[in-house]
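Structural description and commentary
In case you want the letters, here they are:
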Amino acid sequence: SYSYQYIEKRQGGILKFKDFAPAVFHLIRKKFGVREKDIIRSFSPEAVIGKKGEGKSGAFMLICKDHKFILKTATKEERDFFWGWLPYYYDHIIKNPNTLLTRILGVYSMKHAGFGGVTRFIVINNIFNSPVYYDPLLKYDLKGSREGRTVPEHKRGSSTTLKDLDIDHKLYIPSSLLPLLQEQIIKDTDFLAQRQIMDYSFLIGVHYKTEENKSEIVDRIRKLKHSEHSEHHNNHKQGNIFNIKYGGLMTYNPEKKRKEYYFFGIIDILQRYGKRKQLEHLFKSFAADRDAISVTEPTFYAERFKKFMLQLFVSAPEHLDVYNSIILKKRKGHRTLKFHIKKGSDNSLKSKKDQVGKDLEQVHTEKEKKTEQREELSHSVEKDKDLEKSDKATTADKATTADKATTADKATTADKATT
């Protein structure tokens, strides 16, 4: 069936747990290399941290201590809305293996005797999931809007997520990956606009080595290389060229002269531009520039979002190929940056790009086939109509001929009677 319900009788009442579209989400988890036992293990009672979301929705979240998954509460409206466009979401992530959209791995509800009676929640991937770089040193939640998109200085801390007006630097992407990232941003936002979704964000975390964390990071990398977790982690992140290095994208920042890791994705994709949001847009537009507020019509929101993000990302220096090993050598008390090119180091990236090209070509081929099928069907229908008209005309001619013959016979009979 399309959903599975588990019922258990308890002393405080009846507990009902519902798993929505288990077969579909099984395929989605398989696509992203996530096993059911991984989720169960991550959400054991002693392995989660509860916190209230930083967004306006006030959603409650359970974050796994192993940094892999997040359980987030959802409203009935959000759940029902996603239920309606789940087939389109599935189709999009299958056709776009490098999608930046949140990986929704399961949708559930639980009826209980506690406050509210019903709790609805979803399980999603943690964008900052990394076996090495646990907590990004810089975090940004970006929407492409300006109104209210800053965090006051007195509210900022080491773990604060900053906003659009707070980011004062570019984000450097390897030249080989920049066009692919730009293309994927366009594809994902166009898809969300088609589904009437808005108010989503581009969440990005930036991590790099400092004197304080350097020894700890080196120790984690050493342990990772001597464990099976490395292979498991890569499986968990499979199918995305933007998170193949410790769960993120490795790059080089020429301004800061340091290697950095980016962890990013598009989050909060369950907000529909319904009547409530339309009224919110109307009221807010009285007090502020309607083009600067976050809540706005999905197509305009997508165009503004794309423009902001495409300007934010720039190409890293061309002579830097960050997927090759970087060697730092000390010479006479200062550091010299050198790059060692490994043979075949770009094979993995090249194969990924080739696969993306093949996927796009396959999509275009399927579209052309469907177009041809529609045209053939249209021609067939027209031919049937023409044949039908021809048959009608023939029948009409026969009927006319028969009428004429009958009339002639009657006339002949009449003449004979008169005679």
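Position numbers for residues start from 1 in each chain and track the written sequence from start to end. Only residues with pLDDT of at least 70 get local features here, since the model is predicted, and only at 80 or more are side-chain atom pairs given and counted; chain-wide, interface and lining totals rely on the full set of residues. Side-chain figures throughout are based on the complete set of non-hydrogen atoms in the structure, without hydrogens or water.

The helix and strand labels rest on DSSP assignments: H or I over at least four residues marks a helix, E over at least two residues marks a strand, and numbering proceeds from the N terminus. Scanning the chain for helices and strands turns up nine helices and 16 strands. Counting over 419 residues, the chain shows a buried share of 41%. Pairs at least 24 apart in sequence give 65% of the contacts found in the chain among residues at least 6 apart. Every accessible area reported is derived by Shrake-Rupley at a probe size of 1.4 Å, with residue values counting cover from the shown protein chains alone. For the chain, the exposed surface amounts to about 24600 Å²; the carbon and sulfur share of it is 54%. Burial classes follow relative accessibility: with a 1.4 Å probe on protein chains only, a residue under 20% of its type's maximum area counts as buried, one over 50% as exposed, and anything between as partly exposed. Whether two residues are in contact is decided by their heavy atoms, any of which lying within 4.5 Å being enough.

In this analysis, rings of Phe, Tyr and Trp, with Trp reduced to its six-membered ring, are considered paired at centre separations within 6.5 Å, and the interplanar angle assigns stacked below 30 degrees, edge-to-face beyond 60, and tilted for intermediate values. For the structure on display, the rule yields 20 aromatic pairs. Pairwise contacts between aromatic rings join Phe25, Phe81, Phe82, Trp85, Tyr89 and Phe191 into one cluster. Here the basic side chain of Arg195 rests over the ring of Tyr88, its NZ or CZ set 3.9 Å away from the ring centre. Any Lys NZ or Arg CZ that is within 6 Å of a ring centre and within 35 degrees of that ring's normal is treated as a charge sitting over the ring. When the ring centre of Tyr208 is taken as reference, the NZ or CZ atom of Arg258 above it lies at 3.6 Å.

This paragraph deals with the nonpolar core. Among the buried residues, those of types Ala, Val, Leu, Ile, Met, Phe, Trp, Tyr and Cys that are joined through side-chain atoms within 4.5 Å form a nonpolar core. By size, the foremost hydrophobic cluster in this structure holds 72 residues, and its most contacted members are Phe202 and Phe313. If one sorts the elements of this core by residue count, helix H4 (residues 178-194) sits on top with seven residues. Excluding its chain neighbours within four sequence positions, the residues that come into contact with Phe202 are Leu100, Tyr140, Asp141, Leu142, Ile185, Phe264, Gly265, Ile266, Phe305, Met309 and Phe313. Listed in part, the 13 residues of the second largest apolar core include Leu203, Met250, Tyr261 and Phe263.

Moving on to the side chain of Ser44. Looking at where Ser44 falls in the secondary structure, it is placed in the loop between helix H2 (36-42) and strand S3 (48-52). Polar contacts involving the side chain of Ser44 include one to the main-chain carbonyl oxygen of Arg41, which spans 3.3 Å. Polar contact is the term for a pair of N or O atoms within 3.5 Å; when the atoms are in protein, one must be able to donate a hydrogen and the other to accept it, and sequence-neighboring residues count only if both atoms are side-chain atoms.

In this section: the environment of Arg41. As for its position among the elements, Arg41 is in helix H2. Sequence-wise, Arg41 and Asp66 are 25 residues apart; in three dimensions their C-alpha atoms are separated by 9.7 Å. A polar contact of 3.4 Å, which involves the side chain of Arg41, links it to the side chain of Asp38.

This part takes up the sheet that holds strand S8 (residues 138-142). Strand pairing in a sheet relies on backbone hydrogen bonds. The paired strands run either parallel or antiparallel. When DSSP finds two or more bridges between two strands, those strands count as paired. Taken together, five strands build an open sheet; the order of strands is S9-S8-S11-S13-S12 and the sheet is mixed. On the outer flanks of this sheet lie strand S9 (161-162) and strand S12 (249-253), each paired with one strand and no other. Where strand S11 (residues 201-207) meets strand S13 (residues 258-267), seven bridges bridge the pair, whose relative direction is antiparallel. Counted as the bridge partner of Val206 is Tyr262 from S13.

What follows concerns unusual backbone geometry. In this structure, Ala21 takes a positive phi of about 45 degrees despite not being glycine. Along the chain, Ala21 turns up in the loop between strand S2 (13-20) and helix H1 (22-31).

Quick look at helix H7 (residues 275-287) now. Any helix carries an expected span of 1.5 Å times its number of residues minus one. Look at H7: 19 Å from first C-alpha to last across 13 residues, which is about the 18 Å you get at 1.5 Å a residue. All of the buried residues in H7 are Lys277, His281 and Ser285. Buried residues of H7 fall within an arc of 75 degrees about the axis and therefore sit on the same side. Within H7, the exposed residues directed more than 90 degrees away from the buried face are Lys275, Phe283, Phe286 and Ala287. As used here, the arc belongs to the directions running from the helix axis to the C-beta atoms.

Take the packing of helix H3 (residues 76-95) against H4 next. Interaxial angles span 0 to 180 degrees and are taken between N-to-C directions of axes, which are lines fitted to C-alpha atoms, for helices over the stretch in contact. Running from N to C, H3 and H4 point in directions that differ by 170 degrees, and their axes come no closer than 12 Å. Taken together, the axes of H3 and H4 are roughly antiparallel relative to one another. Note on element contacts: H4 touches H3 through Lys187, Asp188 and Phe191, opposite Trp85, Tyr88, Tyr89 and His92. Side-chain classes follow a simple rule in which Ala, Val, Leu, Ile, Met, Phe, Trp, Tyr, Cys and Pro form the nonpolar group, Asp, Glu, Lys and Arg form the charged group, and the remainder, Gly included, forms the polar group. A per-class count over the contact of H3 with H4 returns four nonpolar, one polar and two charged. Under this scheme an angle from 65 to 115 degrees is roughly perpendicular, one under 35 degrees roughly parallel, and one over 145 degrees roughly antiparallel; angles in between are oblique.

On to the packing of H1 against H3, then. At a closest axis distance of 11 Å, the pairing of H1 and H3 adopts a crossing angle of 30 degrees. Here H1 lies roughly parallel to H3, going by the angle between them. Our pair here, H1 against H3, has a crossing hand that is left-handed. Between H1 and H3, the contacting residues are Val24, Phe25, Leu27, Ile28 and Lys31 on the first element and Phe82, Leu86, Tyr89, Tyr90, Ile93 and Ile94 on the second. Across the contact of H1 with H3, the residue classes break down as 10 nonpolar, no polar and one charged. Take the far helix as the reference: if the near one is turned anticlockwise from it by less than a right angle, the crossing is left-handed, and if turned clockwise, right-handed.

Close inspection of predicted coordinates is inappropriate in any region flagged by low pLDDT. For every residue, the predictor reports its confidence as pLDDT, a number between 0 and 100. Of all residues in the chain, 68% attain a pLDDT of 70 or more, and the chain-wide mean is 78. Across residues 229-237, where pLDDT falls below 50, the model places 29 contacts with residues more than four positions away in sequence or in other chains. Long-range and interchain partners of residues 322-349, a stretch whose pLDDT sits below 50, account for 40 contacts in this model, where long-range means more than four residues apart.

Next up on the list: the pattern of salt bridges. Salt bridge criterion: a side-chain nitrogen from Lys or Arg within 4 Å of a carboxyl oxygen from Asp or Glu. This structure, assessed with the given rule, holds 26 salt bridges. The partner of Lys72 in a salt bridge is Asp268, with the nearest N and O atoms 2.9 Å apart. Of this pair, Lys72 sits in strand S5 (residues 69-73) while Asp268 sits in the loop between S13 and H7, placing them 196 residues apart in sequence. When salt bridges that share partners are traced, they join Lys143, Asp199, Lys277, Glu280 and Lys284 into one network.

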